Amino acid sequence: MNKPLDAREILIDQALLAKRLRQETSGEVMTDSASRGRYATDASIYQAMPVAVFVPKTADDIAAALQIAAELGVPVLPRGGGTSQCGQTTGTALVIDNTKYFRNVLDLNIEKGYVEVEPGIVLDHLNLSLKQHGLWYPVDVSTAAQATIGGMAGNNSCGSRSIAYGNMVHNVLGIDAWLANGQVAQFGNYANSSGAAKELGDFVKHLAHTLQPEIEAHFPKVLRRVAGYNLDIFHPQSQLPYTQDGSVNLSHLLVGSEGTLAYFKSLKLKLAPLPKHKVLGVVNFASFYKAMDSAQHIVKLGPTAVELVDRTMIDLARNNPSFKKTIETALINPSAQTPEAILLVEFSGEEQAPLLKKLTALQELMADHGLPGSVVSMPDAPLQKNLWEVRKAGLNIMMSLKGDGKPVSFIEDCAVPLESLADYTQALTDVFAKYGSRGTWYAHASVGTLHVRPILDMRRDGAQKMRAVAEEASALVRKYKGAYSGEHGDGLCRGEWISWQFGPKITQALAEIKHAFDPKGLFNPGKIIDPPKMDDVSNFRFPPSYKVIPLQPALDWSAWNVQNNPITEETTAPGTGGDPANGLAKAVEMCNNNGHCRKFDAEVMCPSYRVTRDEKHLTRGRANTLRLALSNQLDIQDESSPLGSDAIKEVMDLCVSCKACRRECPTGVDMAKMKIEFLSAYKKRVGHSLRDLAVAYLPKYASTISSIPLLPAILNLRNHFKPLAKLQEWMMGISAQRSLPVWKGRTFWSNIQSNTSYQYSPEELSKHKGVVLFADTFNAYFEDENLQAALKVLKSAGYRVHIPQKSRHQQNQQEKSACSKEFCCGRTYLAAGMVDKAKETLRELVDHLAPYAQNNIPIIGLEPSCLFTLKDEALVMGFGERAIEVSRQAQLLEEFLAREAKADSLSLHFQAASKPVLFHGHCHQKSFGAVSPALELLKLIPQANPQLIESSCCGMAGSFGYEAEHIEVSKQMAEASLLPSIRKAPDSWVVADGTSCRHQIADGAQKQAVHIARILAAHL
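Below is a short write-up of the structure. As the structure is a computational prediction, the values presented were derived from the model and not from experiment.

### A short note on the packing of aromatic side chains
All told, the structure shown has 21 aromatic pairs when counted by the stated rule. Aromatic side chains Phe219 and Phe502 sit 4.7 Å apart centroid to centroid with 40° between the ring planes, which places their arrangement in the tilted category. You can see Phe219 sitting in the loop between α9 (212-218) and α10 (251-254) and its partner Phe502 sitting in helix α20 (residues 498-502), a full 283 residues away along the chain. Judged by relative accessible area, which is 2%, Phe219 ranks as buried. In textbook terms, an aromatic cluster arises when at least three aromatic residues are bridged by ring pairs, as seen for Phe288, Phe432 and Trp441.

### Thoughts on the sheet that holds strand β6 (residues 114-117)
If you trace the five strands from one edge of the open sheet to the other, you get β5-β6-β10-β8-β9, paired in antiparallel fashion. The open sheet has two edge strands, β5 (105-109) and β9 (184-187), and neither has a second partner. If you compare each strand with its neighbour and ignore which way they point, the axes differ by 10° on average. Relative to strand β10 (residues 263-270), β6 runs antiparallel, the two being bridged by four bridges. Considered in β10, the bridge of Glu116 is made with Lys268. Packing of helix α5 (residues 123-131) onto the sheet brings it into contact with β5, β6 and β10, and relative to β5 it is tilted by some 40°.

### Focus: the environment of Gly955
Mapped onto the secondary structure, Gly955 falls in the loop between β24 (947-948) and α44 (967-976). Taking the relative accessible area as the measure of exposure, Gly955 reaches 0% and is therefore buried. Separated by 573 residues in sequence, Gly955 and Pro382 place their C-alpha atoms 30 Å apart. Ignoring anything within four residues of it in the chain, the contact list for Gly955 reads Phe960, Gly961, Ser970, Met973 and Gln1000.

### So, the side chain of Asn564
Here Asn564 lies in the loop between α21 (504-517) and α22 (584-588). According to the relative accessible area criterion, Asn564 is buried, its value standing at 13%. Looking at Asn564, its side chain comes within polar contact range of the main-chain oxygen of Lys402, at 2.6 Å. In terms of polar contacts, Asn564 uses its side chain to reach the backbone carbonyl oxygen of Gly405, at 2.9 Å. Apart from the residues within four sequence positions on either side, Asn564 is in contact with Leu401, Lys402, Gly403, Asp404, Gly405, Ile455, Glu569, Glu570 and Thr571.

### Re helix α2 (residues 14-24)
Within α2, the full set of buried residues consists of Gln14, Leu17, Ala18, Arg20 and Leu21. Looking straight down α2, one finds that the buried residues subtend no more than 165° of arc, so they occupy a single side. Turned more than 90 degrees away from the buried face of α2, the exposed residues are Ala15 and Gln23.

### Looking at the side chain of Ser608
With respect to the helices and strands, the residue Ser608 is situated in helix α23 (residues 607-612). A distance of 2.9 Å separates a polar side-chain atom of Ser608 from the backbone oxygen of His617. With residues up to four places along the chain from it excluded, the contact list for Ser608 reads Arg613, His617, Arg622, Leu654 and Met973.

### Overview of the nonpolar core
Formed by 138 residues in total, the largest nonpolar core has its most connected members in Met674, Leu773 and Leu794. Ranked by the residues each element gives to this core, the list is headed by helix α38 (residues 835-854), at nine residues. Of all hydrophobic cores here, the second largest spans 60 residues; its members include Val115, Leu130, Leu135 and Phe264.

### A short note on the environment of Pro504
Among the structural elements, Pro504 can be located in helix α21. A sequence separation of 290 residues divides Pro504 from Glu214, and the C-alpha atoms of the two residues are 9.8 Å apart.

### Regarding helix α12 (residues 311-318)
An α-helix turns once per 3.6 residues; consequently, residues spaced three or four apart project the same way. Buried residues dominate α12, accounting for six of its eight residues. Of the positions making up α12, those classed as buried are Thr312, Met313, Ile314, Leu316, Ala317 and Arg318.

### A word on empty space enclosed by the protein
Scanning the entire structure with this criterion turns up eight cavities of 30 Å³ or more. Roughly 550 Å³ of internal volume is contained in the largest cavity. Considering the residues around the largest cavity, the lining is formed by 37 residues, among which Ser84, Gly151, Met152, Asn155 and Ser157 are closest to the centre. Listing elements by their share of the lining of the largest cavity, those giving two or more residues are β3 (76-79), α6 (149-155), β10 and β17 (439-444). Broken down by element, the lining of the largest cavity gets its largest block of residues, five residues, from α6. Broken down by class, the residue content of the lining of the largest cavity amounts to 11 nonpolar, 22 polar and four charged. As a volume, the second largest cavity reaches approximately 320 Å³. What lines the second largest cavity is a set of 23 residues, among which Ile45, Met399, Lys406, Arg541 and Phe542 lie closest to the centre. Elements that contribute at least two residues to the lining of the second largest cavity include exactly β16 (406-407) and β18 (449-456). Residues that form the lining of the second largest cavity fall into these classes: 11 nonpolar, five polar and seven charged.

Criteria and thresholds
- The residue numbers shown here count from 1 along each chain, following its written sequence.
- Only residues with pLDDT of 70 or above have their local features reported here, since the model is predicted, and side-chain atom pairs are shown and tallied only from 80 upward, although totals for entire chains, interfaces and linings are computed over all residues.
- Hydrogens and water are ignored here; the side-chain numbers use all heavy atoms of the structure.
- Between the rings of Phe, Tyr and Trp (Trp by its six-membered ring), a pair exists once the centres lie within 6.5 Å; its type follows the angle of the planes, with under 30 degrees stacked, over 60 edge-to-face, and the other angles tilted.
- Runs of E in the DSSP output that reach at least two residues are strands. Runs of H or I that reach at least four are helices, and both are numbered from the N terminus.
- Accessible area is worked out with a 1.4 Å probe on protein chains only. A residue is then buried under 20% of its type maximum, exposed over 50%, and partly exposed in between.
- For two strands to pair, DSSP has to find at least two bridges joining them.
- For helices, the axis comes from a line fit to the C-alpha atoms of the stretch in contact; other axes are also lines fit to C-alpha atoms, and the angle between any two N-to-C directions lies between 0 and 180 degrees.
- We call two residues in contact whenever any of their non-hydrogen atoms come within 4.5 Å of each other.
- In the analysis that follows, any N or O atom pair within 3.5 Å is treated as a polar contact, provided that within protein one partner can donate a hydrogen and the other can accept it, and provided that, for residues neighboring in sequence, both atoms belong to side chains.
- The arc in question is the one spanned by the directions pointing from the helix axis to the C-beta atoms.
- Take the buried residues of types Ala, Val, Leu, Ile, Met, Phe, Trp, Tyr and Cys, join any two whose side-chain atoms come within 4.5 Å, and each joined set is a nonpolar core.
- Put plainly, a pocket is an open set of points on a 1 Å grid over the protein atoms alone with protein on both sides within 12 Å along at least five of seven lines, a cavity is a set where a 1.4 Å probe fits but cannot get out, and a lining residue has an atom within 4 Å of a point.
- Grid points are joined across faces, edges and corners, and a volume is the space filled by probe spheres set on the points.
- Under the grouping applied here, Gly and all other residues not named as nonpolar or charged are polar, the nonpolar ones being Ala, Val, Leu, Ile, Met, Phe, Trp, Tyr, Cys and Pro and the charged ones Asp, Glu, Lys and Arg.

The following block contains the structure:
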């Protein structure tokens, strides 16, 4: 009964299903292999290709889709953020994505403390809207930035503060849901229920009364038990009652049902007051066992959370530039050996004074247990917030391990009583060692749920080890009277253990509940009832049959082409990982589908998704499509060029190469470099357009245009004469809505008196306060005032400046050179997919700069996209140690000056600013952590009061914002936060280092933004 249908049985109806959905609904329908493949996985180890994907726009669309699927016998799988750990949202079914349109707040009652929402709303988005009322929804899962309320209810999610607030089931007041027959039923208080909900409630009540002895004997008595259905609502077994008054709420039957009983239409949630004050005590432990043993004593102090971070995760966080500084604030001594574990102990309440006393009590408690001086006190909210962000990223930090061995989720949220926690973790550690692995531990010490993932290679012997470890772990859970599934649900991973946990009678009762709700078994079949074996390789994302297509990438990905040791986590030498794609495939496979790229917080990732909310325009969607293409799982006619296929073009079309994923993706998926690979392959297949050539060769012809009398003025007519702009759009695809950079007859180079100006050898600069100032094409030919301002600032501070220029011999070799007088970083060639040309021109620059770098002379740039090419792409082009040495010295002007100021070596004095300063960071600036130095430098100007504009990508992204097919998306990206923020402060300076950013601001806000060099020079 209810077993997953074989794909061959379903696909015969795919065309009819798609046809009817398109005719009878207003939603989006996708049946191509790439679109379905993007929904075939979640954050688990599993993969199943959907029959089709449907994105409904209205409730009527969902109702119609359910009816059509029922008539055609097609299973239905509701999906939220796709972040499930156990395979709940993978299946051969019609996958319905609620997240794009079905995400509204329907009702908010502040007095009664509840909110009613649609299932596709993201937790963080809901809490942001509640914050103004002093309320929040307190089931604070670590994936709050991407997890939807519907998905959280489907899994009975918990969160860090469940010791204080309970699980999802304790915080749901009602659910309206479609039943299998298309009827909408209202599940709420049982005593007040009617209709279909009452009938189903009566049926379950009869089962529960009949099986009361079985329920009392087999349901774990811990707070964290989320397996099966909540059959015990009539005889509660949890440490925390389902309801405060002891009543029965039928919606609790649906919480944790994983979409197998009904399709959620709306959910009524119980809200909690936002705590006015929080304090945090971080306890450092030299012994992991001691940390686990201490949890049972710490909870007696009444904390709202006690969270574990173990040594492995601490070390991984310290190796991640996004997390290093923050995690080290939690350590007693950052320069000493990393502690084996830390516990984050939070207290919250209405007044801070009592909370500070709680921190003192924690310190005294740890001293009483032999650990005096082990607590780092954090009463300050910003430090707490940053540290919680690292803790929330813990799962994904764990997944950043390179190589085929990965931490695998299958026993990670077993829950045991606190008094047994230390012995359980020690015994499980021994089990891991027995099978040649070890676990990385983190999570909820307060409730006896510790996430642990042994490192296994699922392509080789991982499945066998997974089975063996699971069997021994289950014996331990039974020994300590715990719950095998304590937070992340059952899915494909733990479904088969339901019968082990509950016994045959309750298992049969669960099947009867499923049949009563869903007689045809079309709601997410194979989950909870009649699940497959956890190690059925046919369900794996990386089964033993998984193979990568051999190819030679354009860039060097050998750093990813490694294997790892599951015990030490050490990796082999670059290039030894056996990847037929020479490391590119392994880099792509680093995406574990955690969905962190779906976030909408203050950082950058992922700009295109923020505008479209389409899975294909998401780092995860792109990575999945690349993985499927590289492993020959897509319908690509030319298998010799999977990277250059139309399927990859579709997902890369709106990638703006912002590099945010390089920094913000916890597993380091570098989509900007992957786009270079795509462009290289795609352009080799289809050729370069006139627009490609115009962009790519701009550094080469810029000097010619500027040197011909009247030509710059003639070209600039395009910005003032609309027919010319329209003609250019027709011929080249450059939008007529967009102004173009203004050509100049007098450029930076023509303003330099002679070819020997600012020319110094490395030895000469070494004897003075010497720096290299890289004059990039954009600032040299279009905005030379920025370079002049930079020179003024540097010379005023007493620095001798060398500006790289080619020798006469090099200038005479134009056929071998990418530029004329100046060197070039190759950025424009990369944007056009001309990797060989980029290597050629970038090698010249690296060769010139290397001697200066070897003499520890700072290499300064003004344009972030050019400067950071030296710290990024230059390192994967085979230039060897020279590129590494240059990258170490390469820095933006503000990075250099801020560092000098911090060392008290900057002799500059600024006059007071007449108006405040707004600062917009270029995406690459943000990616390389170079925004803070800019703000620090601007603070040296009296009364400037610099404020960072919290924005994602400005939307220009080099040539992207000029392209006719992308102009609207470009504008939408800018209007998300950047341009509105500027309009709200009309009397401010606007500082933006990126030439494209300044252009977007000028076009969209009619405001002139300036480079930081100009504002510094203006205030000298």
